[in-house]
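# Structural description and commentary
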Amino acid sequence: MPRVPFALVLAFVLLAVFAPALTLYDPLAQDPTAQAKPPSGLHPLGTDYLGRDIWSRVVTGSRPSLGVGASAMAVAVVLGSALGIVSGYLGGPLDLFLQRVVDVLLTLPGLVLALAMLAVLGAGFASLIAVIGLVLAPGIARVMRSATLVVSASGYIEAARAVGARDRRILARHVLPNVTATILVLASLAIGNAILFEAALSFLGLGVQPPEPSWGNMLSGPARQYFEVAPWMAVFPGVAVSLAVLGFNLLGDSLRDIFDPRLQGTT
Amino acid sequence: MTGRDMGMASRTRALSIAFALALAVTACGPAQQAQPVGTAPAATSAPTAAPTAQPQVKRGGTATIAFSVDPVHFDPHKGTTAQNFVSIVYDGLTQFKTGPDVPPGTHILEPALAEKWDVSPDGKTYTFALRKGVKFHDVPPISGREMTADDVVFSVERMLAKDAENIKRDLFAVIDKAEAVDKYTVKLTLSQPFAPLLANLATVFAAIVPKSEVDFKKVAVGTGPFVLKDFQRQSKYTYAKSPSYWKNGADGKPLPYLDGFVQVIIPDEGARTSALRAGQLDFTDLLVDNLAQQLLKSNDQLRSEKFPGNFSVMTRLNVKEKPLDDVRVRQAISLAIDRQVIANALGGGTGIVNGPIPTALTDWAAPVSELPNFKQDAAKAKQLLADAGYKDGLKLTAVLLRSPQNRQIMLEAMQGQLKAVGIDLQLQFVESADLSKRRVDRNYQLMGDNLTPSAEPDTYAYIEYHSKSAGNVGNYSDAALDTLLERSRSAADPAQRKQVFRDIQTKLAELQFIITTGDPYYHSVFHPYVKGFRFSFVNQRIPVKYVWLDK
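Cut-offs and rules
Residues numbered from 1 in each chain as written. Chains lettered and ligands numbered in written order. Predicted model: local features only at pLDDT ≥ 70, side-chain atom pairs only at ≥ 80, totals over all residues. Heavy atoms only, no water. Helix = DSSP H or I, 4+ residues; strand = E, 2+ residues; numbered from the N terminus. Buried < 20%, exposed > 50% of the residue type's maximum accessible area, 1.4 Å probe, protein only. Contact = heavy atoms within 4.5 Å. Areas by Shrake-Rupley, 256 points an atom, 1.4 Å probe, with all protein chains shown as cover. Lys, Arg positive; Asp, Glu negative; His and termini not counted. Charge placed at Lys NZ, Arg CZ, Asp CG, Glu CD. Pairing = 2+ DSSP bridges. Axes fitted to C-alpha atoms, helices over the stretch in contact; angles between N-to-C directions. Phe/Tyr/Trp six-rings, centres within 6.5 Å; stacked < 30°, edge-to-face > 60°. Lys NZ or Arg CZ within 6 Å of the ring centre and 35° of its normal. Expected span 1.5 Å × (residues − 1). Arc of directions from axis to C-beta. Parallel < 35°, antiparallel > 145°, perpendicular 65-115°, else oblique. Left-handed = near helix turned anticlockwise from the far one by under 90°. Nonpolar A, V, L, I, M, F, W, Y, C, P; charged D, E, K, R; others polar. pLDDT = per-residue confidence, 0-100. Core = buried A, V, L, I, M, F, W, Y, C linked by side-chain atoms within 4.5 Å.

A separate point is the overall build of chain A. Summing up its helical and strand segments, chain A has eleven helices and zero strands in all. Counting from the amino terminus, chain A carries its helices and strands in the arrangement α-α-α-α-α-α-α-α-α-α-α. When its C-alpha atoms are laid out on the principal axes, chain A stretches across 75 × 45 × 25 Å. Counting over 267 residues, chain A shows a buried share of 50%. Contacts spanning at least 24 positions in sequence make up 70% of the contacts within chain A whose residues lie at least 6 apart. Here chain A has roughly 12,100 Å² of accessible surface; of this, 71% comes from carbon and sulfur atoms. A distance of 10 Å separates the average location of the 16 positive side-chain charges in chain A from that of its 14 negative side-chain charges.

Our next topic: the sheet that holds strand β7 (residues 185–190) of chain B. Residues and elements named next belong to chain B. Ordered by their spatial adjacency, four strands build an open sheet running β4-β5-β7-β6, and the pairing between neighbours is antiparallel. A strand with exactly one partner marks an edge of an open sheet, and here the two such strands are β4 (114–119) and β6 (175–182). Along the sheet, successive strands turn relative to each other by an average axial angle of 20 degrees, direction set aside. As paired strands, strand β5 (residues 125–130) and β7 are joined by five bridges and run antiparallel to one another. Bridge assignment links threonine 125 to a residue of β7, and that residue is threonine 189. Set on the sheet, helix α4 (residues 149–160) makes contact with β5, β6 and β7; between it and β6 the angle comes to about 170 degrees.

Attention shifts here to unusual backbone geometry. Residue and element names in this part refer to chain B. The step from leucine 255 to proline 256 runs through a cis peptide bond, and the omega angle for that step is -10 degrees. Position of proline 256 among the secondary structure elements: in the loop between β9 (236–241) and β10 (260–265). Looking along the chain, the bond that leaves lysine 322 and enters proline 323 is cis, with omega of -5 degrees. Topologically, proline 323 is positioned in the loop between β13 (313–317) and α8 (327–336). Phi angles above zero are rare outside glycine, and asparagine 373 is one such case at about 65 degrees. Tracing the chain through its elements places asparagine 373 in the loop between β14 (352–353) and α10 (378–387). Phi angles above zero are rare outside glycine, and glutamine 512 is one such case at about 50 degrees. Relative to the assigned elements, glutamine 512 resides in the loop between α16 (494–511) and β18 (514–519). In this structure glutamine 512 comes out as buried when scored by relative accessible area, which is 1%.

A separate point is the pairing of β5(B). Residue and element names in this part refer to chain B. Here β5 shows a clear split, with Tyr126, Phe128 and Leu130 buried on one side and none of Thr125, Thr127 and Ala129 buried on the other. In terms of strand pairing, β4 meets β5 through five bridges, oriented antiparallel. Across the sheet, residue lysine 116 finds its bridge partner in β5, namely alanine 129. What sits between β4 and β5 in their antiparallel hairpin is a turn of five residues, with glycine 123 showing a positive phi close to 75 degrees.

To continue, consider the packing of aromatic side chains. Residue and element names in this part refer to chain B. Across all of its chains, the model carries 19 aromatic pairs over all chains by this definition. Ring geometry for phenylalanine 261 versus phenylalanine 283: centroids 6.5 Å apart, planes at 35 degrees, classification tilted. Of this pair, phenylalanine 261 sits in strand β10 while phenylalanine 283 sits in strand β11 (residues 283–288), and the two are 22 residues apart along the sequence. Ring pairing ties together the aromatic residues Phe226, Tyr239, Phe261, Phe283, Phe526 and Phe533, which thus form one cluster. Of note, lysine 306 hangs over the ring of tyrosine 521, and the distance from its end group to the ring centre comes to 4.9 Å. When the ring centre of phenylalanine 374 is taken as reference, the NZ or CZ atom of arginine 339 above it lies at 4.0 Å.

All names here are of chain B. Counting buried residues along strand β17 (residues 446–450), five of its five residues qualify, which places the element largely inside the surrounding structure. Neither face of β17 is exposed, since Leu446, Gly448 and Asn450 on one face and Met447 and Asp449 on the opposite face are all buried. Note: β13 against β17, five bridges, orientation antiparallel. Bridging across to β17, valine 313 finds its partner in asparagine 450.

What follows is about helix α5 (residues 110–121) of chain A. Residue and element names in this part refer to chain A. Given a rise of 1.5 Å per residue, twelve residues ought to cover 16 Å, and the 16 Å separating the end C-alpha atoms of α5 matches this to within 8%. Leu113, Ala114 and Leu118 are the residues of α5 that are buried. Buried residues along α5 cover an arc of 125 degrees about the axis, so they all sit on one side. Across from the buried face of α5, at angles greater than 90 degrees, the exposed residues are Ala119 and Val120. Buried residues along α5 sit in contact with α4 (92–107), α6 (125–152) and α8 (167–203).

Right, let's talk about the packing of α8(B) against α10(B) for a bit. Residues and elements named next belong to chain B. Where α8 meets α10, the axes come as close as 8 Å, and the angle between the chain directions of the two elements is 160 degrees. In terms of orientation, α8 lies roughly antiparallel with respect to α10. Like other packed secondary-structure pairs, α8 and α10 cross with a definite hand, here left-handed. Contacts from Arg328, Val329, Gln331, Ala332, Leu335 and Ala336 of α8 reach α10 at Ala378, Lys380, Ala381, Leu384, Leu385 and Asp387. Its residues placed into classes, the contact of α8 with α10 shows eight nonpolar, one polar and three charged.

Here we take up the confidence of the model for chain A. Overall, the prediction assigns chain A a mean pLDDT of 90, with 97% of residues at 70 or greater. When mean pLDDT is compared element by element in chain A, helix α3 (residues 54–90) of chain A scores highest at 94, while helix α10 (residues 222–225) of chain A scores lowest at 80.

To continue, consider the environment of Leu93(B). Residue and element names in this part refer to chain B. Its place among the elements puts leucine 93 in the loop between α3 (83–86) and β2 (94–96). Look at leucine 93 and you get buried, because its relative accessible area is 2%. Leucine 93 sits 106 residues away from alanine 199 along the chain, and the two C-alpha atoms are 9.9 Å apart. Setting aside residues up to four positions removed in sequence, leucine 93 forms contacts with Pro111, Ala112, Leu113, Ala114, Phe128, Leu130, Val152, Leu201 and Ile208.

This part takes up the nonpolar core. Counting residues in hydrophobic clusters, the biggest one holds 99 residues, and the most contacted among them are Ile132(A), Met233(A), Ile333(B), Met414(B) and Leu425(B). What Ile132(A) contacts, discounting residues up to four positions off in sequence, is Val68(A), Ala72(A), Ala194(A), Phe197(A), Glu198(A) and Leu201(A). In terms of nonpolar packing, the next biggest core, distinct from the first, is built from 78 residues, Leu93(B), Leu286(B), Phe311(B) and Leu549(B) among them.

Below you can see the structure in the form of structure tokens.
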């Protein structure tokens, strides 16, 4: 069943890893004899307004997209899980405080929050990863907290406590392994969201800066002026974003199905 | 870089040089005339109302047009990018002839609020006889009183105010004194003879406003053909016909023909074409060639007129600091770029290369093919960089706005072309307030920009380059150039003045303070019932007073 999402994700990962070998042209090379040309044998996805090959740009653009997506996911998952697990396991005033912070962050629309943070930090890969990670972390923290609450109430945690295990040992040995499945599911969903965020921020000009291609910035700027006459400039990077996000989201769904004991044996 | 990439790059360069040569051949003088300037291609030719056909004009109706930018204020003396927007509210002492029988690129000066004028033999005193009975709009606090010499003197003094916002002050700075001789006579005394005065007075920056405290952020009060009735910022500006306009139409009654005029703000070009197609707009101007072609293909009802742009999308170089203080570096930048490719990218396949004075000013522009440093020559560029001590390349940073997108197109193209000679150009997008501040503070290295369209070459020359001009924001200073620029202003004989401008353009092409690239071809597109519309860059005023609707 999960073959399609796995294949899709694998295809994008391979695309990003082997990008330099898969490009037909230098993604920045301008060909003045082929400005804004539709897809053809020479340029399978057409060329942009400066005669740059769209296929080569989409392929190269997969690197910042997936790279920022994966890194931001890592930031979000590490930060979110740590907060969620600690908050759920310890409870009490710390839990109350952390969850109110999470509430505040969750009430703000993610994109607005990201724009505000980027305005302060400035555009660039590092700030992009940090900002997307920070925006996605609260949601993960909330889910991880509830997963931890369930685990914390289990008999084996009580037993571990009864034999005198310290909190740190219980968290590392008993809580974490039992919420790993949730983390994996959240991670694959987060990467899809992170890719989408990267595209949105690059579209708004705060992400990857031209001339370096990214799916987001290929959709914005001059491509909009050309949209009606040369739709391929925007359609193909748009398709790439959609497929990548779809792949990671389906993967997340599949992982959830696999890890959910209630669904086991139903397929 | 791999071997394949290198091969690719050199092949690209070879092709681009061949391409540039081919275009250079077609872009020189005679071929330029073959390109119908301002006249529509036959297939989409508009039945433009010839003067003889005009007696059947129909009066009434409201026409709607779309604009991309919102005017910040309605003060004509403080230039903004949206100045042409509200200019139909104002008149100047003089104006350029506009209307359906004037092709773009033709600039005929005619009287406006001044009925006639005398110039003293030494060229330093201008006496204007004002038109009698011209009324300001019936808008508080003015309420329709007559325009007199006092208003003209007030306006001239306002234009000359040493105010940082008066960025077009140097168009008139030679005026020493303005006096009201009597109610209908104004005398302007100049510090030196100044050939472009009458043309500069025809710009919207010399509009006559009433002598009164007017808050131009809230109201616009002039003597023009339309009265600003109502507006919602970023959305819609509604005008009504002025009941007492001083100029008569073809039917012998006062202009304008329309009862009303509406400008809506639609920043997105795609949305503008959709609105036109849907009939929400009656006409649009400045539609880039490729978009217009597509629109005309999809709708055989629409009519269009094509004309070359004269904004000349360009990159300002700030020559205060290294490395741009070195003329060799600037020449290398100019030689490294392929302007035709940039112009084509701006226009979506077609475009026109422009030198310091855009080709659209047919009387003044020097053919680009005759200017030095305008033909791409990467080898020479590299040599110049090596001579200047940048054998290993150099890094430059350009600031630009995200919209209009033409700056990004130009600078991205330049980025690729400059890389081939070892210049690493970084783009830094900034907000418009930041850009304005950087311009005033001269705090930038390179800046994507465009020139202010005008009928008068002075705007493109003295204003931008003279070492003492307020419009010179790149620290440009060259004694020989200053002398030429001063001569261009004092030369009274048109032939002599033309020659001075040729020399100025050659000098500018050598100095390369501002790297001009080019413009798209633009279209005015309108529904077939719109008559009498002819786009004009001159005056920066949209000639809507001659528009009528045949429906």
